[in-house]
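Report on the structure
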Amino acid sequence: MLEKKTKMPEQPPEERICNFDEVAQGYTEEQAILEASRCLQCKKPACVEGCPVGINIPAFIAKIKERDYKSAIDIIKERNNLPAICGRVCPQETQCEEMCVMGRRYEPVAIGRLERFASDWELKHQPEKVKPSVEKNGTKIAVIGSGPAGLTAAADLAKMGYDVTIFEAFHTPGGVLVYGIPEFRMPKDIVKKEVEYVQNLGVKIETNVIVGKTVTIDDLREEGFKAFFLSTGAGLPVFLRIPGENLAGVYSANEFLTRVNLMKAYRFPEYDTPIKVGKRVAVVGGGNVAMDAARVAKRLGAEEVMIIYRRSEVEMPARHEEIEHAKEEGIKFFLLTDPIEVLGNDKLQVRGLRCIKNKLGEPDMKGRRRPVPIPGSEFEIEIDNLIVAIGTTPNPVITKTTPGLEVQVWGGIVTKDDSGLTSIDDVWAGGDIVSGAATVISAMGAGKKAAKAIDQYIKQKINVQNER
Amino acid sequence: MFEIKKKEQLAPIIYQMEVSAPRVAKKALPGQFIIIRIDEYGERIPLTIKDSDPEKGTITIVFQVVGKTTTQLSTLNVGDSILDLVGPLGNPTELPEGKSNVICVGGGVGTACMYPQVKELSKRGSYVTAIIGARTKELVLLEEDFRKYASRLIICTDDGSYGEKGFVSDVLRRLLDAGERPDLVIAIGPLMMMKVLADVTREYGVKTMISLNPIMVDGTGMCGGCRVTVGGEVKFTCVDGPEFDAHKVDFNELMMRQRYYLDEEKVSKEKHACKLQLGGNQNA
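About the cut-offs
Residues numbered from 1 in each chain as written. Chains lettered and ligands numbered in written order. Predicted model: local features only at pLDDT ≥ 70, side-chain atom pairs only at ≥ 80, totals over all residues. Heavy atoms only, no water. Buried < 20%, exposed > 50% of the residue type's maximum accessible area, 1.4 Å probe, protein only. Helix = DSSP H or I, 4+ residues; strand = E, 2+ residues; numbered from the N terminus. Pairing = 2+ DSSP bridges. Right-handed = clockwise from strand over helix to strand, strands pointing away. pLDDT = per-residue confidence, 0-100. Contact = heavy atoms within 4.5 Å. Axes fitted to C-alpha atoms, helices over the stretch in contact; angles between N-to-C directions. Core = buried A, V, L, I, M, F, W, Y, C linked by side-chain atoms within 4.5 Å. Polar contact = N/O pair within 3.5 Å; in protein donor to acceptor, adjacent residues only side chain to side chain. Buried area = accessible area lost by both parts, 1.4 Å probe. Salt bridge = Lys/Arg side-chain N within 4 Å of Asp/Glu carboxyl O.

**Considerations on the pairing of strand 8 (residues 101–107) of chain B**
Every other side chain in a regular strand lies on the same face of the sheet, so the side chains alternate between the two faces. All names here are of chain B. Of all 7 residues that make up strand 8, 6 are buried, and the element is covered over most of its length. As judged from the 7 bridges shared by strand 8 and strand 9 (residues 127–134), these two strands associate in the parallel manner. By the bridge assignment, I103 is partnered in strand 9 with T129. Read as a crossover between parallel neighbours, the route from strand 8 over helix 3 (residues 110–123) to strand 9 is right-handed. Sheet topology places strand 8 next to strand 12 (residues 184–188); 5 bridges connect them, and they run parallel. Residue pairing in the sheet places V105 in a bridge with A187 of strand 12.

Shown next, in the form of structure tokens:
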């Protein structure tokens, strides 16, 4: 019995900090088969319960072991429309892999890596697309936002025969997958291919349309759309609200990452959008976005990149793997530290950061120990840029312009049930706009549930009409 | 793709384009703007909507050639297309209800951005004074358009080659000195001009709104690049603006933020100029 997961080849840290190529390079066939052989093929697989979209995990792993990769990917795609994405960014350690029986004594089976292997195999070996033969029912459904939740709902609805249009505010579909997650963790070619898969199912994507500005939900009703799924994500950056935060050289993580990922500023001046990164960069926050921003800054040539986080490493919300990758790349960690003032020079550009040390106090409502500042522990560090990565909240553009749509105090949409039904009877919502910033896979789970509920709603409506 | 239907050169480096954008044309109101990206390599830049025609499905933009993107945009012709165009963004101007007395001040290319307000105010039967300023005669914009809608039009140039000699702020001060007290002053132009105007109207206690055009990426409140301090509070120009109370805006901070990418803008523009030259040689 192999006790440990089969290692996945990675670019060595000293090499990868000089490029934006993918860090984790994926299993070879031999490695995949070796890892697949670790699966015990449980009769009652616990891993499936841990998967928000319920993939038949033992079945696809068995197919990999048999070298029948085509069947493996088909099994995955019965439940998951975007496996190449999930295989890369899902937090498997708290989902399927956490439940894996192997994990009780040894390391769990590397389910995520195997999922990625199967989907990469498909992207590589099946360039020609087979048009699905679904009978179209002609009913128009609008999906707002083309991130993980929107793409999933759209794909599922298209598979059921609906005429689906996704409206996307940006010029490129993919949502957080294209503007948020960097190339070295989520190659944009992969996102593009997954989006093409969804389009191939018959889904139309209209970019450059901001629902709430360019059109409203009411306008779309007039255009003949019968139901709506709102999946506009949590796009508004939260700032620190400390003095000096508007100095030139302070970025929200959203701005920093959007410039680099979506606008390709890392290839300036080949691409027109600039980004400015000095020698010393501080990133405030302890989540995956903070790790992404820090690692991007490193790749853009910063000599010293620091993560500043108010609690200790145990409380960091980032995935363990991301924290490790950041450390390997030489990112420094200032833990139990809070910034209190951004310092500027005479050009009103960032020159430093004033911080205070914290100790951990009583647990908060989520059970994480609260940071308490230690009086007199203030200190200053020299920096050229500050990137604020302390979270995002839902964008109010759509909720403000849709009368009757109930919203929580913090901006999230109120849902009435597990399917994401909102206070308006033909509108569903899911993903970060309902949950607050969360994971790609939970957004996809919400998309699936909403698609099912929308289908039931439409069928019921047709039945009622027929009875009349 | 958004096709260019009309192109007109208004002044040596200022162009007007009518672009097909049916969804935007239906919704656009005075004071709103769009963001464009010319091609796959392009950056996203905000441009004010000068006019819109819902029936034709077109909007009109006016821009001055400043950096790489506006240079490239100026080389596009009727029949060419802009790859991406999104809007209308920002909040429409809050104009006084009913008949009112408003002075609209435009400087440089900002003059064009003020045109929709003047037109709308005139429709409401207001008494509108338009003060338009330029460096020199050939840079005076849209004189005929303004004549159609403004109750009174005052033109000034820095060098005195046309209209009054002096800055728009001089003209405005003269009117206020003479005892005029409009309900509102709207000013659109370079930051420095708006700052000076704000100082003038503050003295006389006249409410003044300005329209900002800072660096931004998405235009929907996502990046926060366009943040500005107004009355001690941080606002995002794209979703909270673009118009703000001139007496509350922190102009110094805004000007410094605006200059952050000057070096990069130069690099980008020079590279583009090189490419154009190379292209010319190949054709020759």
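Next comes the rest of the description.
**Overview of the confidence of the model for chain B**
All names here are of chain B. In this model, chain B carries a mean pLDDT of 93, and residues with pLDDT of at least 70 account for 97%. In this model residues 280–284 is a low-confidence stretch, pLDDT under 50, and it forms 0 contacts with partners more than four residues away in sequence or in other chains. Prediction confidence for the complex, expressed as pTM and ipTM, is 0.94 and 0.93 respectively.

**Notes on helix 5 (residues 69–79) of chain A**
For helix 5 of chain A, every residue scored as buried is listed here: A:Y69, A:A72, A:I73, A:I75, A:I76 and A:K77. Each element contacted by the buried residues of helix 5 of chain A is listed here: helix 2 (29–36), helix 4 (57–65), helix 6 (83–89), helix 8 (111–125), helix 9 (148–159) and helix 11 (188–200) of chain A.

**Quick notes on the sheet that holds strand 2 (residues 163–167) of chain A**
Residue and element names in this part refer to chain A. Taken together, the 5 strands give an open sheet; going across it, the order is 3-2-1-4-16, and neighbouring strands pair in parallel fashion. Edge positions in the sheet fall to strand 3 (204–206) and strand 16 (427–429), since each of these pairs with one other strand and no more. Direction aside, the axes of adjacent strands within the sheet are offset by 20 degrees on average. In this structure, strand 1 (residues 140–144) lies alongside strand 2, joined through 5 bridges in parallel fashion. When the sheet's bridge partners are listed, K140 is paired in strand 2 with D163. Across the sheet, helix 9 lies against strand 1, strand 2 and strand 4 (225–230), angled at about 165 degrees from strand 2, the strand it touches most.

**What to know about the environment of A:E15**
Relative to the assigned elements, A:E15 resides in helix 1 (residues 13–16). A:E15 sits 106 residues away from A:W121 along the chain, and the two C-alpha atoms are 26 Å apart.

**Regarding the nonpolar core**
A:I57, A:F60, A:I61, A:I64 and A:W428 are the most contacted members of the largest nonpolar core, which totals 82 residues. Tallying contributions element by element places helix 18 (residues 440–467) of chain A first for this core, with 10 residues. Leave out the neighbours within four places in its chain, and A:F60 touches A:I55, A:A72, A:I75, A:I76, A:I111, A:L114 and A:E115. Counting 33 residues, the second-largest nonpolar core is a separate cluster that includes A:V296, A:A297, A:F333 and B:Y261.

**Thoughts on helix 8 (residues 251–258) of chain B**
Residues and elements named next belong to chain B. Listed in full, the buried residues belonging to helix 8 are F251, E253, L254, M255 and R257. In this structure, the buried side of helix 8 is in contact with helix 6 (191–204), strand 13 (208–211) and strand 14 (227–230). Among the residues of helix 8, the N-terminal cap falls to D250, whose side-chain oxygen and the backbone nitrogen of N252 are separated by 3.4 Å.

**What to know about the interface of chain B and chain A**
Counting residues at the interface gives 48 residues for chain B and 49 residues for chain A. If you sort the residues of chain B by the area they bury against chain A, B:R23, B:M222 and B:Y260 come out on top, with a joint share of 21%. The interface formed by chain B and chain A includes 5 salt bridges. The closest approach of N and O atoms between B:K27 and A:D219, which form a salt bridge, is 2.4 Å.

**Re the pattern of salt bridges**
Any two side chains of opposite charge can pair, so long as their charged atoms come close to each other. For the structure shown, the criterion picks out 53 salt bridges over all chains. The partner of A:R299 in a salt bridge is A:E329, with the nearest N and O atoms 2.8 Å apart. Here A:R299 is found in helix 14 (residues 288–299), whereas its partner A:E329 is found in the loop between helix 15 (320–328) and strand 9 (332–334), with 30 residues between them in sequence. Owing to a relative accessible area of 7%, A:R299 belongs among the buried residues under this scheme. The class for A:E329 is buried, based on a relative accessible area of 4%. Notably, a salt bridge pairs B:R173 with B:E203, separated by 3.0 Å at the nearest N-O pair. Placement of the pair is B:R173 in helix 5 (residues 168–177) and B:E203 in helix 6, with a sequence separation of 30 residues. Exposure remark for B:R173: the relative accessible area of 29% places this residue in the partly exposed category. Ionic contacts of the salt-bridge type, sharing partners, join the residues A:E10, A:R16, A:R185, A:D292, A:R295, A:R299, A:E322, A:E328 and A:E329 into one network.

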